[in-house]
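Given next are the chains, with one letter for each unit.
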Amino acid sequence: MLTKYLPIWLIIYLAAMVNAKKSFTLVIDTTVSMREEVDLLKIYIDSVVNNLLDIDKYILVPFNDPGRSIPIVLNSPRKLIEVINMIEVSGNNNCPEMSMPAIEQALSSSMPESHIFVFTDGNPKNYSTLDSIQNLCRKQNNQVIIFLSGECFPSGRKSVMGTTDTYFDVAQMCSGSVFQLELSNFRQAFKIMNELIKTVWTDIQVQKIYYIGSKQIPFTADKHTTELVIAVSGDYSTFEITDTVSRIPGIEEIVNTRKTKVFRIIGPHIGYYTLNILCQGRTIVTIYKERRLVFLYGFSPKIPRSLKETSTQPMPDSNSYVFIALEEISMIIDSIHVKVDGGDEKEIHFEIVDRSRGLYLAQDYFAAEKPFTITINCRDKNNQVIKGTTTTLYPQSYVQAPLVQKPKILMIEPATALVNYKADFTIVCKVSGHPKPTITWYDTEGTTIQSEDALLETKSIYISYAYIQEVTKNSTIICKCESEIGENSLSMDLFVNRTFTFDVKQYPEDATFEYRTEGKLFCEVDSYPEASINWYHNDSLVENSESLEIVPEENMILIKEMTTDETGEYRCEISNLLETRTYTAIVDISGIEPPEVELENSEIVVKLDEPVKIECIIKKGKPMPTLHWKFKTNNGFEDIPEGVDTQDNYLEILSVKTKHKGVYICEVVNDFGTDAKEVSIEVQYVPIIKYIDNIITVKKQDYVKLSCEVDANPTARVTWTMTQGDVEVALDQRHKIDEYNTLSFTAFANDSGNYHCIAENPLGKDESTATVIVLEPPYINPPPTRTKFVKPGNTINLLCHVSYGYPIPNTTWQFIALNSSLTTMNRGGRTNNLIISNISKKDEGSYICLAENDVGSDTIEIVVKVL
């Protein structure tokens, strides 16, 4: 027994050929494995069939492997649905299937520009028809869309029989796609069908991908693009769409399943897009594009020459000329079609009026109250087909009783004309009024001109054409309309090109004018018809201004005052209705010279409080340049410092201060350029110690940093010395001086003292002092013996000497008797000896010397024993 993944074919063919009879064809392989798909088809196929328009026949082709399909032609969608509902699946479960011959049969039965929809859950067996399928698709421009709901897995086997890759080849050959669906989302097939049949896609791009990885697929949208639908089919494919500036357009999701994604780009704008897709394996991408053409149109009972001579609606129950103007003249019309509501679409003959202007003319009969549409099929410069269709149009309605209206000339074309001698000429006039006015044409001599007129719009608007044969003289032509309630007229000037003259008497030539003087250029023509003269200066049309004036009576352009703004190219353009000539002259300026400036020195070194005077020499410049001084420091340009006098060409400082240090710039400017030179002023002065630490108190082993900030020019040499009282103490290798003149060391007890920062340069020196106080806890020299034996009546001297400690410690002797009583006996300084005379037994005990200062204390203990 075979599993569910056995093949069965369901092929739906929709012929969507423009301007031809259309058919809808359904091809079904009734093998049992497609039972559930066929059941869903019976439920949902009417949702597709009911959306079809203008279908003339419906074809059903039953197919059961290994038999062949025999088309059944039906004449209504209802009968097609009835026959589909009678289908029962049967036959064996062979796999792979004879699917390729079925596709070939559908293509052979189809009309051009058709859709072929294919449903299967298995792989194809016969590949020999692939070339035939490709030829049929190319010949008829058909599309094959395949819905794949499974693959061939024989019962008990794990390997797939055959391959579905051929379906991807067919889809690419036939501008289609392969949609991979599961039974749970099989109904999405009908949603996709409805999406694809409702629009005539004018551009389809198919891309196959057979590897895992990323792929970029570019595509474009032009001004004619109205719909962009993209289908991506493949396992776990992800995608992103961006335009040329990495913007993500709006997306409308149509179908989104694990293997199939169909979406629409909302309101595609003109430009380039990139579909960035990440594939997990075999994937197919199809980009459907609809392009619609915009065109202008009008109707007239007479042959019109422009849209101005037409109405937006044709006259009812009559033949009307259809005047069509393409908005994009690079397009070429292939055919024009008219479809009347309830009738067939028919092609009508057309003629080219002026291809260079995109003008075409056709003719058709328009019945009263019958709505219609006009469709034109064009090809663009890339030979791609694009069509445009009007909205529903209606012939004009009969007006039973128009309102009374005074006659009025609405338009006369052309307003002015130049006609070759003895050439025929036609003039048109549009008139409104009721009752119908009498329209007559005549010239200034009162000669009546042959004419004919017709009702253009039922709202009392008429079109009248006057025909003048062999025009021989200039004249004014008048169109006059009159009725019992009034009259109106409008005229146009008609010139005859009998003796054409175009004699240029003067033209501009290259010239050089002195600065601030007048300049004149001439341009004169004797012509018939009369010519106009336009002047251009550096490609800009000249109009009268403060600097330039056009003097027609002298045939010249006047440069009122010559400056560099007036130099360049002057062009005289002479033109009448028949000819145009252009003459060019280059105008230069003399009596000018860009400025040049000189300074004697570029650097000045001066001592503090000395005077400075600098001269800035203007070597050349016409007109005479203006001079000014600028001041620049390391922080940029600043105002000239106080104390600096800049008068005429000089910069003077009577007493130089440190604030005057910097770069001074002498700049000269005239209309033709700028020049500048720099001079730097360097101020020298004795060293100044701007900052030093005063008194620093530290503890022993603290890290000490003494700062000494020095300002000097030239740079000062900085040294440090140290004194204790009046004695200079040499600094050892522990004392370090860095590049910022900072003295640093780890404090020892002997580092207390005055530290002197000395800054010297050739102009003098400066000195400042910092005092360092190193705090140290006291230390008492231990006694030679800690127990003393003495006889009664003798004298004993107990020594207590503090060898170091800062601040100077205080010392105190305390006596602890044998009965533990404590007595303070003596207070003193760094040396405090205790003398006990006539010693007795009561003096026996412990004697303690205590030394204390702000940072610590020390003690010694001596035990006295009386023998």
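Residues numbered from 1 in each chain as written. Predicted model: local features only at pLDDT ≥ 70, side-chain atom pairs only at ≥ 80, totals over all residues. Heavy atoms only, no water.

**As for the packing of aromatic side chains**
Put simply, the rule is: For this analysis, a ring pair means two rings from Phe, Tyr or Trp (six-membered ring only for Trp) whose centres lie within 6.5 Å, classed as stacked if their planes differ by under 30 degrees, edge-to-face if by over 60, and tilted for the remaining angles. Elements are defined by DSSP. Helices are runs of H or I of four residues or more, strands are runs of E of two residues or more, and each kind is numbered from the N terminus. Note on classification: 1.4 Å probe, protein chains only; a residue is buried when its accessible area is under 20% of the maximum for its type, exposed when over 50%, partly exposed between these limits.
One pass over the full model with this rule turns up 23 aromatic pairs. Arranged with centres 6.2 Å apart and planes meeting at 55 degrees, the rings of Phe168 and Tyr210 form a pair that is tilted. Of this pair, Phe168 sits in helix H5 (residues 165-173) while Tyr210 sits in the loop between strand E8 (203-209) and strand E9 (212-221), and the two are 42 residues apart along the sequence. Considering the side-chain rings of Phe299 and Phe372, the 6.1 Å spacing of their centres and the 90 degrees angle between planes classify their relative orientation as edge-to-face. One end of the pair, Phe299, is in strand E16 (residues 295-300); the other, Phe372, is in strand E22 (residues 372-379), with 73 residues separating them in the sequence. Exposure remark for Phe299: the relative accessible area of 1% places this residue in the buried category. Owing to a relative accessible area of 2%, Phe372 belongs among the buried residues under this scheme.

**Notes on unusual backbone geometry**
Following His434, the chain continues into Pro435 via a peptide bond in cis, with omega recorded as 5 degrees. Located in the positive-phi region is Asp317, a residue other than glycine, with phi close to 55 degrees. The topology assignment puts Asp317 in the loop between E16 and strand E17 (318-326). In this structure, Asn555 takes a positive phi of about 55 degrees despite not being glycine. In this structure, Asn555 sits in the loop between strand E38 (548-551) and strand E39 (556-559).

**Here we look at the side chain of Asn761**
The line we're drawing: Contacts described as polar in this section are N or O atom pairs within 3.5 Å, which, within protein, must combine one atom able to donate a hydrogen with one able to accept it, while residues neighboring in sequence count only if both atoms come from side chains.
Counting through the fold element by element, Asn761 comes out in strand E58 (residues 753-761). For Asn761, the side chain forms a polar contact with the main-chain nitrogen of Leu763, separated by 2.9 Å.

**Comments concerning the pattern of salt bridges**
When the charged atoms of two side chains with opposite charge come close together, those side chains can pair. What counts, and what does not: Counted as salt bridges are all cases of a side-chain nitrogen of Lys or Arg within 4 Å of a carboxyl oxygen of Asp or Glu.
This structure, assessed with the given rule, holds 45 salt bridges. Across the salt bridge formed by Arg571 and Asp539, the nearest N and O atoms sit 3.0 Å from each other. Taken together, the residues span a long stretch of sequence, with Arg571 in strand E40 (residues 568-575) and Asp539 in the loop between strand E36 (532-537) and strand E37 (540-541) at a distance of 32 residues. A relative accessible area of 16% means that Arg571 is categorised as buried.

**Overview of a nonpolar patch on the surface**
Put simply, the test is: Residues enter patches when they are more than 30% accessible in relative terms and free of salt bridges; like-charged ones are connected within 9 Å and nonpolar ones (Val, Leu, Ile, Met, Phe, Trp, Tyr) within 5 Å. Surface exposure here means Shrake-Rupley accessible area, sampled with a 1.4 Å probe, where a residue is shielded only by the protein chains that are shown.
A cluster of nonpolar side chains, contributed by Phe500, Leu577 and Leu578, occupies part of the molecular surface with about 300 Å² of accessible area. Along the chain, the position of Phe500 falls in the loop between strand E31 (486-497) and strand E32 (501-506). According to the relative accessible area criterion, Phe500 is partly exposed, its value standing at 39%.

**As for the sheet that holds strand E34 (residues 519-522)**
Here is the rule we go by: The criterion for strand pairing is that DSSP finds at least two bridges linking the strands in question. Fitted lines through C-alpha atoms give the axes, limited to the stretch in contact for helices. The angle between two N-to-C directions lies from 0 to 180 degrees.
Strand order in the open sheet formed by three strands is E34-E39-E38, with antiparallel pairing between adjacent strands. The open sheet terminates on both sides in strands that have one partner only, identified here as E34 and E38. This sheet shows a mean twist of 20 degrees between the axes of neighbouring strands, independent of strand direction.

**What about the sheet that holds strand E24 (residues 405-413)?**
In any sheet, the strands associate via hydrogen bonds between backbone groups, in a parallel or an antiparallel arrangement. Taken together, the four strands give an open sheet; going across it, the order is E24-E26-E29-E28, and neighbouring strands pair in antiparallel fashion. Whereas interior strands pair on both sides, the edge strands pair on one side only; in this sheet they are E24 and strand E28 (451-457). Neighbour-to-neighbour, the strand axes of this sheet turn through a mean angle of 25 degrees, independent of strand direction. Sheet topology note: the E28/strand E29 (residues 461-468) ladder contains six bridges and is antiparallel. Note that in E29 the partner of Glu457 across the bridge is Ile461.

Keep in mind these values describe shape, not function.
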